[in-house]
Amino acid sequence: MNMASIGILCSIIFVILIRANAAFVKVQCTTESVGQYGQQSLLDCNVKHSEEVSDFQIRVVVWKKEGVDEPVLMFNKEEITSQPGFQFAEPSWNNRNMNVSLLITNTKVVDSGAYGCMVIGNSGDDMSDTNLKVTAKYKVPTISSIPEKITLNTGGSLICKSDGGYPKGEIRWFDEYNTDWTKSAKMEAKQTTSGLVQLSSELTLLQGSVFSKYICQVFNASGGKEAETTFNIPVTSEKHERKEEKKENAGLATKVIPPLLVIGALILVLLAVFFHKRRSQQPRRQSTTPLMGDHHQACRCELDAEQGDLGTNETENS
Ligand SMILES: *[C@@H]1O[C@H](CO)[C@@H](O)[C@H](O)[C@H]1NC(C)=O
Ligand SMILES: *[C@@H]1O[C@H](CO)[C@@H](O)[C@H](O)[C@H]1NC(C)=O
């Protein structure tokens, strides 16, 4: 045996002796608890002490949450102090009650994490850690489509949303033949102010390869299916579709016609003015049916004469 192994042996014996001493009081907690969002959560811790101590009493209990300075629950100098929403699980806890479990009355996402419970008794002290996992069930998803009126022929995309869950889960897509289309979709997870997660997934439907039914399923963080919603793509007959198209065209026409009417009317008025002036000038001319050249000339004269009024540059064209 060399010096190093003797050293190690001594250390082990030392640790065992300390452990034996600490064994007078022991705090035992369940390593992990799962709490439901909005419900009560229990962090179960109990104090064990050697039977030799006939009159064991607890002097101090300190419940701390990792990352929070102030204890969430404390018993010290015969007094219980706590932060809102934290209390002893035992309704009328006193210093002879070895069940020092912590109760969280309204579990929030921020309550998840590591907790430590320290107990000082009249014959020793000990502490133990425990972990709280918070979960929340995702709501039944909703599906909307882009465009709003989607058909087997149009293509487009479907958007499936589910919120109120925790931790981050997953949205998966299937068609009526149970083919997984999740790879064709893009999912986003947003954390709301409450800490809960909103999942949103967009599935692109390519024109000509659209199925008549799409199922959006929400899975929780551990892969358990929580809810699903089915979206039926409307099967519209050709006739129906054409009608819809016509309706759309009609709608377009009524939107386009007014400006056209206004311009048309304007042209008519201008033409009326033009011909009226021409007619009033006709008696001055010899021929009532002028040849093309004459006609052109006449027009030119008129335009030249009226250039001041109309200000057109058409005269430059010929
Ligand atoms: C401690 O008390 C709580 C609340 O009364 C109870 O639910 C829990 O089972 C108790 N733990 C033990 C180990 O008895
Ligand atoms: C996930 O869902 C399954 C099945 O519904 C359930 O048993 C499990 O506890 C859930 N897990 C979480 C982390 O919510």
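Our subject is the structure listed above.
Residues numbered from 1 in each chain as written. Chains lettered and ligands numbered in written order. Predicted model: local features only at pLDDT ≥ 70, side-chain atom pairs only at ≥ 80, totals over all residues. Heavy atoms only, no water.

### What to know about the site of ligand 2
- Around ligand 2, the surrounding shell consists of Thr135, Asn220, Ser222, Gly224, Lys225 and Glu226.
- For ligand 2, an oxygen atom lies 2.2 Å from a polar atom in the side chain of asparagine 220.
- Within the contact set of ligand 2, a nitrogen atom lies 2.9 Å away from a side-chain nitrogen or oxygen of serine 222.
- Computed on the free molecule, ligand 2 has an accessible area of 370 Å², of which 50% lies beneath the protein chains in the complex.
- Residue classes in the shell around ligand 2 are distributed as no nonpolar, four polar and two charged. (Near = heavy atom within 4 Å. Polar contact = N/O pair within 3.5 Å; in protein donor to acceptor, adjacent residues only side chain to side chain. Areas by Shrake-Rupley, 256 points an atom, 1.4 Å probe, with all protein chains shown as cover. Nonpolar A, V, L, I, M, F, W, Y, C, P; charged D, E, K, R; others polar.)

### A closer look at the pattern of salt bridges
- Across all of its chains, the model carries five salt bridges by this definition.
- Measuring nitrogen to oxygen at the nearest pair gives 3.6 Å for the salt bridge that ties aspartate 163 to lysine 139. Here aspartate 163, found in strand β13 (residues 156-165), pairs with lysine 139, found in the loop between β11 (124-135) and β12 (142-146); they are 24 residues apart in sequence, far enough to count as distant.
- Residue classification places aspartate 163 among the partly exposed residues on the basis of a relative accessible area of 28%.
- A salt bridge links arginine 172 to glutamate 170; the nearest nitrogen and oxygen atoms lie 3.1 Å apart.
- Looking at glutamate 170, the relative accessible area reads 31%, which means it is partly exposed. (Salt bridge = Lys/Arg side-chain N within 4 Å of Asp/Glu carboxyl O. Helix = DSSP H or I, 4+ residues; strand = E, 2+ residues; numbered from the N terminus. Buried < 20%, exposed > 50% of the residue type's maximum accessible area, 1.4 Å probe, protein only.)

### With respect to the sheet that holds strand β18 (residues 225-232)
- With antiparallel pairing, the three strands of this open sheet are ordered in space as β14-β17-β18. At either margin of the open sheet sits one strand with a lone partner, and together these are β14 (170-175) and β18. Looking at each pair of strands side by side, their axes are set apart by 20° on average, direction ignored.
- Looking at chain direction, strand β17 (residues 213-219) and β18 are connected through seven bridges and run antiparallel. The partner of lysine 213 across the bridge, within β18, is asparagine 232. (Pairing = 2+ DSSP bridges. Axes fitted to C-alpha atoms, helices over the stretch in contact; angles between N-to-C directions.)

### Quick word on the state of the cysteines
- Inspection of every chain in the model, using the stated rule, returns two disulfides.
- Here cysteine 29 pairs with cysteine 45 through a disulfide, and the sulfurs are 1.9 Å apart. What sets the handedness of the cysteine 29 and cysteine 45 disulfide is the S-S torsion sign, and at about 110° it is right-handed. With cysteine 29 in strand β1 (residues 25-29) and cysteine 45 in strand β4 (residues 45-49), this residue pair connects regions lying 16 residues apart in the sequence.
- Residue classification places cysteine 29 among the buried residues on the basis of a relative accessible area of 16%.
- Given the relative accessible area of 0%, cysteine 45 is considered buried.
- Note on cysteine connectivity: cysteine 160 is disulfide-linked to cysteine 216, with sulfurs 1.9 Å apart. What sets the handedness of the cysteine 160 and cysteine 216 disulfide is the S-S torsion sign, and at about -75° it is left-handed. Remark: cysteine 216 occurs in strand β17 and cysteine 160 occurs in strand β13; sequence separation between them is 56 residues. Across the pair, cysteine 216 and cysteine 160 agree in class, each one buried.
- For the chain, numbering the cysteines in disulfides from first to last along the sequence yields the connectivity 1-2, 3-4. (Disulfide = S-S within 2.5 Å.)

### Let's talk about the nonpolar core
- Within the largest apolar cluster, 26 residues are counted, with the highest numbers of intra-cluster contacts made by Val47, Ile58, Val61, Trp63, Val100 and Cys117.
- In contact with tryptophan 63, other than residues within four places in its own chain, are Leu43, Cys45, Pro71, Val72, Leu73, Val100, Ser101, Leu102, Tyr115, Gly116, Cys117 and Thr130.
- By size, the runner-up hydrophobic cluster in this structure holds 22 residues, among which are Ile143, Leu158, Cys160 and Val197. (Core = buried A, V, L, I, M, F, W, Y, C linked by side-chain atoms within 4.5 Å. Contact = heavy atoms within 4.5 Å.)

### Regarding the environment of glutamine 191
- With respect to the helices and strands, the residue glutamine 191 is situated in strand β15 (residues 185-191).
- Take glutamine 191: its relative accessible area is 55%, and that puts it in the exposed class.
- The residues touching glutamine 191, leaving out its near neighbours within four places in the chain, are Val109, Tyr166, Leu196 and Val197.
- From its side chain, glutamine 191 meets the backbone oxygen of glycine 195 in a polar contact 2.8 Å long.

### Looking at the site of ligand 1
- Neighbouring ligand 1 are the residues Leu42, Asp44, Asn46, Ala89, Glu90, Asn99 and Ser101.
- Between a nitrogen atom of ligand 1 and a side-chain N or O atom of aspartate 44, the distance comes to 3.2 Å.
- Take asparagine 99: an N or O atom from its side chain is 2.3 Å from an oxygen atom of ligand 1.
- By residue class, the composition of the shell around ligand 1 is two nonpolar, three polar and two charged.

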